[in-house]
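Per-entry structural report
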Amino acid sequence: MAYRYDYEVITKWISPGERVLDLGCGDGSLLRHLAEVRQVQGYGVENDADKLLACVRNGINVIQMDMEKGLAGLEDGFFDHVIMSLSLQAMHNTQGILAEMLRVGREAVVSFPNFGYWRHRQSILNGHMPVSESLPHQWFNTPNVRFFTIADFDALCAMNGIVVRERLAFDESTLIEEEPNFLASVAVYRLGRPD
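Residues numbered from 1 in each chain as written. Predicted model: local features only at pLDDT ≥ 70, side-chain atom pairs only at ≥ 80, totals over all residues. Heavy atoms only, no water.

**Some thoughts on empty space enclosed by the protein**
This model, assessed by the stated rule, comprises one cavity of 30 Å³ or more. The calculated volume of the largest cavity comes to roughly 40 Å³. Lining the largest cavity, in full, are Gln89, Pro113, Asn114, Phe115, Leu135, Arg146, Phe147 and Phe148. Residues belonging to the lining of the largest cavity are distributed by class as follows: five nonpolar, two polar and one charged. (1 Å grid on protein atoms, 1.4 Å probe; cavity = no way out; pocket = protein on both sides within 12 Å on 5 of 7 lines; lining within 4 Å. Points joined across faces, edges and corners; volume = space filled by probe spheres on them. Nonpolar A, V, L, I, M, F, W, Y, C, P; charged D, E, K, R; others polar.)

The structure is reproduced here in structure tokens:
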């Protein structure tokens, strides 16, 4: 598995033996990692047939589901953590999926590319859509349908009564503590419901 610094952050937020749901789990590499280092009971949700097959090959419990329609059939509060790693920007129903994550899980963990990152802004000033490590696709073949910043996401959480329990921001794998909306390429959030 290639090194993913967001996996390292997510792993620190997960306690041993937790029940974890990974939305848009791809080939299941995050769940496999969490099973190895935190002994989680993990389940993935994926809709792509090739990725579903990859999960099965990797020994991951996976459910085929269109997340745009919500997480129907999953019990309220069943999971300790529901994760969506670098996939939120590909969702049409952003508010709906965040609400569903917090319905079925005690906490939600999301990571996403920060469209406000200075290099992305520079690309736009130069007349081109940004392509970077965190936004690796060209404008014409990107799966991303939402382009938002850290400040936008903070505002969305406030508007929807979502509690930001922790937020870390990175430029590549370097932690950014000052001006993250400008200097960070990726953000990772730990979210909860109001107490």
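Additional details are given in the paragraphs that follow.
**Observations regarding the pairing of strand 8 (residues 186-192)**
Buried residues dominate strand 8, accounting for seven of its seven residues. Residues Val186, Val188, Arg190 and Gly192 of strand 8 are buried on one face, and the alternating residues Ala187, Tyr189 and Leu191, pointing to the opposite face, are buried as well. Bridge analysis of strand 5 (residues 105-113) against strand 8 gives seven bridges, and the strand direction is antiparallel. Note that in strand 8 the partner of serine 111 across the bridge is valine 188. Pairing of strand 6 (residues 163-171) with strand 8, which is carried by seven bridges, proceeds in the antiparallel orientation. Residue pairing across strands places phenylalanine 170 opposite valine 186, the latter belonging to strand 8. (Buried < 20%, exposed > 50% of the residue type's maximum accessible area, 1.4 Å probe, protein only. Helix = DSSP H or I, 4+ residues; strand = E, 2+ residues; numbered from the N terminus. Pairing = 2+ DSSP bridges.)

**Notes on the pattern of salt bridges**
By the definition in use, this model includes eleven salt bridges. The partner of glutamate 107 in a salt bridge is arginine 165, with the nearest N and O atoms 2.9 Å apart. Of this pair, glutamate 107 sits in strand 5 while arginine 165 sits in strand 6, and the two are 58 residues apart along the sequence. The class of arginine 165 is partly exposed, set by a relative accessible area of 31%. (Salt bridge = Lys/Arg side-chain N within 4 Å of Asp/Glu carboxyl O.)

**Considering unusual backbone geometry**
The phi dihedral of glutamine 39 is positive, around 50°, even though this residue is not glycine. Relative to the helices and strands, glutamine 39 is located in the loop between helix 2 (29-38) and strand 2 (41-46). Of note in this structure, leucine 86 is not a glycine but carries a positive phi near 55°. Summarising the element assignment, leucine 86 is placed in the loop between strand 4 (79-85) and helix 4 (94-104). The exposure class assigned to leucine 86 is partly exposed, which follows from its relative accessible area of 29%.

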